[in-house]
Amino acid sequence: MAAEIRKNAPFVPLPSETNFSLAFINSDVLSADDIFFSLGKRGILVRHCGSFRGMGNRHIRIGIKKRADNQRLIAALRDLAGDISSLHPESQLSAGNVS
């Protein structure tokens, strides 16, 4: 699933050997709050990691679920990344450039 998440800039999944993936949001216009609320409106829950020491408002935790749930999540992330790109063409949406 990490490979699919990585395809959807600005989401950068970090290595994981657990049943969840931590993703860094590499964007100057998108925050964990934005992701949390946008996905929540679609009935998809992710964990906002703002209360985790050192994470701030640029990390979300994504649970690995059933295949259909994961596909729904990936589609929602793809839509969200596309919406941000079209609304903010000047933004730095880059999955390969973690800073």
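What you see is a predicted model; the values in this text were computed from it and never measured.

Moving on to the pattern of salt bridges. Any two side chains of opposite charge can pair, so long as their charged atoms come close to each other. Under the counting rule described, the total for this entry stands at one salt bridge. In this structure, the salt-bridge partner of Arg42 is Asp79, at a minimum N-O distance of 3.3 Å. In this pair, Arg42 is assigned in the loop between α2 (32–41) and β3 (47–48) and Asp79 in helix α3 (residues 67–87), connecting sequence segments 37 residues apart. Under the relative-accessibility criterion, Arg42 is labelled partly exposed at 35%.

Moving on to the pairing of strand β4 (residues 59–63). Taken together, the five bridges between strand β2 (residues 20–25) and β4 define a ladder with antiparallel strand orientation. From the neighbouring strand, Ser21 faces β4, where its bridge partner is Ile62. Of the pairings in the sheet, the one linking β3 to β4 comprises two bridges and is antiparallel in character. Across the sheet, residue His48 finds its bridge partner in β4, namely Ile60.

Right, let's get into the packing of aromatic side chains. Tallying each qualifying case throughout the model produces one aromatic pair. Judged by centre distance (5.2 Å) and plane angle (85°), the ring pair of Phe36 and Phe37 falls under edge-to-face. Its guanidinium or amino end placed over the ring of Phe20, Arg61 lies 4.6 Å from that ring's centre, counting from NZ or CZ.

Okay, the nonpolar core next. Among the nonpolar cores identified, the biggest contains 16 residues, and Phe11, Ile35, Leu39 and Ile60 are the most heavily contacted of them. Listed by contribution, the elements that provide at least two residues to this core are β2, α2, β4 and α3. Tallying contributions element by element places α3 first for this core, with five residues.

Here the focus is the confidence of the model for the chain. Here the chain shows a mean pLDDT of 77. Residues at 70 or above account for 72%. Least confident of the elements in the chain is helix α1 (residues 2–6), whose mean pLDDT is 66; most confident is β3, at 90. Across residues 92–99, where pLDDT falls below 50, the model places 22 contacts with residues more than four positions away in sequence or in other chains.

Below, the discussion takes up the side chain of Ser27. Examined against the element boundaries, Ser27 turns out to sit in the loop between β2 and α2. What makes Ser27 buried here is its relative accessible area of 9%. Of the polar contacts made by the side chain of Ser27, one reaches the backbone nitrogen of Leu30; its length is 2.9 Å.

What counts and what doesn't
- Residues numbered from 1 in each chain as written.
- Predicted model: local features only at pLDDT ≥ 70, side-chain atom pairs only at ≥ 80, totals over all residues.
- Heavy atoms only, no water.
- Salt bridge = Lys/Arg side-chain N within 4 Å of Asp/Glu carboxyl O.
- Helix = DSSP H or I, 4+ residues; strand = E, 2+ residues; numbered from the N terminus.
- Buried < 20%, exposed > 50% of the residue type's maximum accessible area, 1.4 Å probe, protein only.
- Pairing = 2+ DSSP bridges.
- Phe/Tyr/Trp six-rings, centres within 6.5 Å; stacked < 30°, edge-to-face > 60°.
- Lys NZ or Arg CZ within 6 Å of the ring centre and 35° of its normal.
- Core = buried A, V, L, I, M, F, W, Y, C linked by side-chain atoms within 4.5 Å.
- pLDDT = per-residue confidence, 0-100.
- Contact = heavy atoms within 4.5 Å.
- Polar contact = N/O pair within 3.5 Å; in protein donor to acceptor, adjacent residues only side chain to side chain.

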